[in-house]
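Structural characterization, general
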Amino acid sequence: MMKHKIKVKEFEQIVDDYQDSMFSFAFFRTGSYASAQDAVQDVLIKLYENRDRLSVDQPKAYLFKSLYNACMDCKREESRTPKVSLDTLKDVPGEEETACLKEYIRIETMLKDIPDEQAEIVKMKFVDGFSFVETAELLNLSVNTVKSRYRYAMDKLRKDYKVEDVKPTNK
């Protein structure tokens, strides 16, 4: 496919097509509703501001690679700042936030005992619905490395949690 600069109408379509899946992706990397919203917003703003200078032939790959990096930056920043107890929060989360948080906690609990690089691949497969090829491109790994990390992770999850092969989320 030929690379081309992103026009305003294309940008609007990209936002419509990927905004929800980008939020889910960011939430399952940061564990925070607000941080996920900020990361998505930052990536989309940068894309919009640089649309005349960027030549993107695969917007999905570009967006999710940028978002992955933004989430990792967010996690590094959060590790340097003090944590706030959930008991001290004044705002009660809405239904949507509560459902996201419960799903995040459930998945993170299952993935806590496997190496981070394996856990990330499992999230990309089941939460984000990415193929092995998309995951490899996003993480700058070979497809065979992604498949082997996935296999090791699933072997451990099957052993520890009696997890059966399940269908990944399709977005």
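Whatever comes next refers back to the structure up there.
Everything numeric here is computed off the predicted structure, so don't read it as measured data. (Residues numbered from 1 in each chain as written. Predicted model: local features only at pLDDT ≥ 70, side-chain atom pairs only at ≥ 80, totals over all residues. Heavy atoms only, no water.)

Turning our eyes to something else, we now look at the nonpolar core. Core analysis: the largest hydrophobic core is formed by 46 residues, its most contacted members being M22, F25, L63, F64, L67 and V122. At the level of elements, α1 (8–30), α2 (33–49), α3 (59–80), α4 (95–111), α5 (116–126), α6 (132–139) and α7 (143–161) are the ones that each hand at least two residues to this core. Considering each element in turn, this core owes the most residues, 10 residues, to α1. Ignoring anything within four residues of it in the chain, the contact list for M22 reads V40, V43, L44, L63, F64 and L67. (Core = buried A, V, L, I, M, F, W, Y, C linked by side-chain atoms within 4.5 Å. Buried < 20%, exposed > 50% of the residue type's maximum accessible area, 1.4 Å probe, protein only. Helix = DSSP H or I, 4+ residues; strand = E, 2+ residues; numbered from the N terminus. Contact = heavy atoms within 4.5 Å.)

With that settled, consider unusual backbone geometry. Despite not being glycine, N140 has its phi angle at roughly 55°, a positive value. Relative to the elements of secondary structure, N140 occurs in the loop between α6 and α7.

Between α5 and α7, the shortest axis-to-axis distance is 8 Å and the interhelical angle comes to 95°. Comparing their axes, α7 and α5 come out roughly perpendicular. On α7, the residues that touch E117, Q118, I121, V122, K125 and F126 of α5 are V146, R149, Y150, Y152, A153, M154 and L157. (Axes fitted to C-alpha atoms, helices over the stretch in contact; angles between N-to-C directions. Parallel < 35°, antiparallel > 145°, perpendicular 65-115°, else oblique.)

As a packed pair, α1 and α2 sit with axes 8 Å apart at the nearest point and diverge in direction by 150°. The pairing of α1 with α2 is recorded here as roughly antiparallel in orientation. When the axes of α1 and α2 are compared, the crossing they make is right-handed. Across from V8, F11, I14, V15, M22, F23, A26, F27 and T30 in α1, the residues of α2 making contact are Y33, S35, A36, Q37, A39, V40, V43, L44, L47 and Y48. (Left-handed = near helix turned anticlockwise from the far one by under 90°.)

Attention now moves to α6. Inspection of α6 places F132, T135, A136, L138 and L139 among the buried residues, and these make up the whole buried set. Looking down the long axis of α6, one finds its buried residues gathered within 165° of arc, a one-sided arrangement. Looking one or two residues past α6, N140 carries a phi angle of roughly 55°, positive in sign. (Arc of directions from axis to C-beta.)

Moving on, we get to the packing of aromatic side chains. Enumeration according to the criterion identifies 12 aromatic pairs in this entry. Pairing F126 with Y150 gives two aromatic rings, centres 6.0 Å apart and planes at 25°, and the pair type is stacked. With F126 in helix α5 and Y150 in helix α7, this residue pair connects regions lying 24 residues apart in the sequence. Across the pair, Y150 and F126 agree in class, each one buried. One aromatic cluster is present, formed by F23, F27, F28, Y33 and Y104 through successive ring pairs. For the cation-ring pair, R51 lies above Y48, with the distance from its terminal atom to the ring centre recorded as 4.0 Å. The ring centre of F132 lies 4.4 Å from the NZ or CZ of K125, which sits over that ring. (Phe/Tyr/Trp six-rings, centres within 6.5 Å; stacked < 30°, edge-to-face > 60°. Lys NZ or Arg CZ within 6 Å of the ring centre and 35° of its normal.)

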